[in-house]
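Report on the structure
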Protein chains: 2
Amino acid sequence: MTARRPESEPPTDAAAARPVERTRDADRTRAEILAVATAEFADRGYAGARVNEIAEKLSTTKRMIYYYFGGKEQLYVAVLEQAYGRIRALEQQVDVEHLEPVAAIRELAGLTFDHHEAHPEFIRLVSIENIHRAEHLAGSPALAGLAAPAVDVLAAILQRGRAEGVFRDDVDALDVHQVISAFCVFRTANRHTFRVIFDRDMLDPATRDHQRRLLGDLVVAHLTTR
Amino acid sequence: MTARRPESEPPTDAAAARPVERTRDADRTRAEILAVATAEFADRGYAGARVNEIAEKLSTTKRMIYYYFGGKEQLYVAVLEQAYGRIRALEQQVDVEHLEPVAAIRELAGLTFDHHEAHPEFIRLVSIENIHRAEHLAGSPALAGLAAPAVDVLAAILQRGRAEGVFRDDVDALDVHQVISAFCVFRTANRHTFRVIFDRDMLDPATRDHQRRLLGDLVVAHLTTR
DNA sequence: CCTCTTATGTACCAAGTGGTGAGTTGTGGA
DNA sequence: TCCACAACTCACCACTTGGTACATAAGAGG
């Protein structure tokens, strides 16, 4: 093998390449391609993104895309896998075990809210992948156990809430997750058409707290109403 | 041989389908192009759709696309305008004035639910347009008053509910609309990735009633909780 | 019947598309 | 030191893309 930089994968390594230090580094080149491709695919969709365009924004050449990834589609799949991988990593850091059920639900919903707001390009990739009926995602093995964290944590909270008698006992954890996701994803994914039609920017910082509270209220009300 | 096939007319056509077989009919040609283009753009996105592909599925030629619409982008805008126009027409048929507030909200949410489920290709177009940051929609005048119906009806219901003391008095109509839309749009728009990740088909007919009730419960709980 | 406008069909193109053949150079290990 | 191979560059291509020049046929009106 070749020069392995000790840098053990700083994930958000963007195209911040030093122009002077132009050494050979497979990991760095690969990461740069992925970063640029992620931005490009998220920006224009799979069909809209151009390999040539990605190449031009690289400090290396188009040939390297094919050298490392094989083709446009494989590059796109790699982008998806990396994006989902990062999301999983973040979700696993959730720790709400010490909170009482209602507070825990609010916290979990709030974290999901923050998280989606902080990663609009991920939401875009998800939207794009849905346009393609998740056909690339379906063939990828990189999403094993991707569902578990979020839903497991949620199920545990619901269980505690039921035991304490504060939550209804007929609510499914995945239903709750679906509701939370729907709210959070919609805000980002449908931001533009919603703004044009209803003249409201759902991501306006001025209404952020209100929206965040709205989500919490919504879920808690549902869980505590009989 | 100029005999036109007696049109296997896709669902809702714009041009009055006269039984008379006309060899030349601008309205019909235009409508056919729009119908095929709608299917194609919804299926593959703006960049993914091919003018040649649309042309091949036509009983006329590619030249007609440019004759009637000018180009790919203008055709796409026309598709968007027609789609939104139809949606508006449907929304204006909502009549829940005679119901008591809680039932009215449930009915409105349920109608929205049904409506989104019945028009997946519209949801796809909306997703696609969001990928393009609604830039085509923004420049189109065809959406004046598109927001009014849904939100006005909702506001009236909330008003009555407040007057009768069954609803909270601090809930914004557009917030409620946003929540309902989020739930309904998410089900269709994110169906595929959600199925792959969470192994649940949100559009599975077997869980349709449950999902529909869930949305009603969610909104009513929020409106009636203090 | 003739003519003029509208509607339609055929053949074609320049620019861009994803993708590659083949050679060049840096670098770690023997 | 030197070599083998990974990392990289550059020029190139077959094919598709959106778009168009031009010929022509069908009706409406006179």
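Cut-offs and rules
Residues numbered from 1 in each chain as written. Chains lettered and ligands numbered in written order. Predicted model: local features only at pLDDT ≥ 70, side-chain atom pairs only at ≥ 80, totals over all residues. Heavy atoms only, no water. 1 Å grid on protein atoms, 1.4 Å probe; cavity = no way out; pocket = protein on both sides within 12 Å on 5 of 7 lines; lining within 4 Å. Points joined across faces, edges and corners; volume = space filled by probe spheres on them. Helix = DSSP H or I, 4+ residues; strand = E, 2+ residues; numbered from the N terminus. Nonpolar A, V, L, I, M, F, W, Y, C, P; charged D, E, K, R; others polar. Disulfide = S-S within 2.5 Å. Buried < 20%, exposed > 50% of the residue type's maximum accessible area, 1.4 Å probe, protein only. Domains from an automatic or database assignment. Buried area = accessible area lost by both parts, 1.4 Å probe. Axes fitted to C-alpha atoms, helices over the stretch in contact; angles between N-to-C directions. Parallel < 35°, antiparallel > 145°, perpendicular 65-115°, else oblique. Left-handed = near helix turned anticlockwise from the far one by under 90°. Contact = heavy atoms within 4.5 Å.

**Let's talk about empty space enclosed by the protein**
- Applying the stated criterion across every chain, the model contains five cavities of 30 Å³ or more.
- For the largest cavity, the lining is made up of 16 residues, of which A:Arg44, A:Gly45, B:Arg44, B:Gly45 and B:Ile131 are closest to its centre.
- For the lining of the largest cavity, the secondary structure elements donating two or more residues are helix 1 (26–48) and helix 6 (120–131) of chain A together with helix 1 (26–48) and helix 6 (120–131) of chain B.
- Its residues assigned to classes, the lining of the largest cavity shows eight nonpolar, six polar and two charged.

**Examining the state of the cysteines**
- By the definition in use, this model includes zero disulfides over all chains.
- Note on A:Cys184: no disulfide assigned, nearest cysteine sulfur contributed by B:Cys184 at a separation of 16 Å.
- For B:Cys184, a relative accessible area of 2% gives the class buried.

**With respect to the domain arrangement of chain A**
All names here are of chain A.
- Segmenting chain A into domains produces domain 1 (26–78) and domain 2 (79–224).
- One C-alpha centre belongs to domain 1, the other to domain 2, and the line joining them spans 29 Å.
- Three residues stand out in domain 1 for area buried against domain 2, namely Ala42, Tyr76 and Val77, and they jointly supply 50% of the buried area on that side.
- For the side of domain 1 that touches domain 2, the secondary structure elements donating two or more residues are helix 1 and helix 4 (72–91).
- Take the side of domain 1 that touches domain 2: its biggest share by element is eight residues, from helix 1.

**A few points about the packing of helix 5 (residues 101–118) of chain A against helix 9 (residues 173–189) of chain A**
Residues and elements named next belong to chain A.
- One can describe the packing of helix 5 onto helix 9 by two numbers: an axis separation of 9 Å at closest approach and a directional angle of 25 degrees. Between helix 5 and helix 9, the angle falls in the class roughly parallel. For the pair helix 5 and helix 9, the crossing hand works out as right-handed. When helix 5 is examined against helix 9, the residues Ala109, Thr112, Phe113, His116 and Glu117 are found in contact with a partner set consisting of Ile180, Phe183, Cys184, Val185, Arg187 and Thr188.
- Here the residues of the contact of helix 5 with helix 9 sort into six nonpolar, three polar and two charged.

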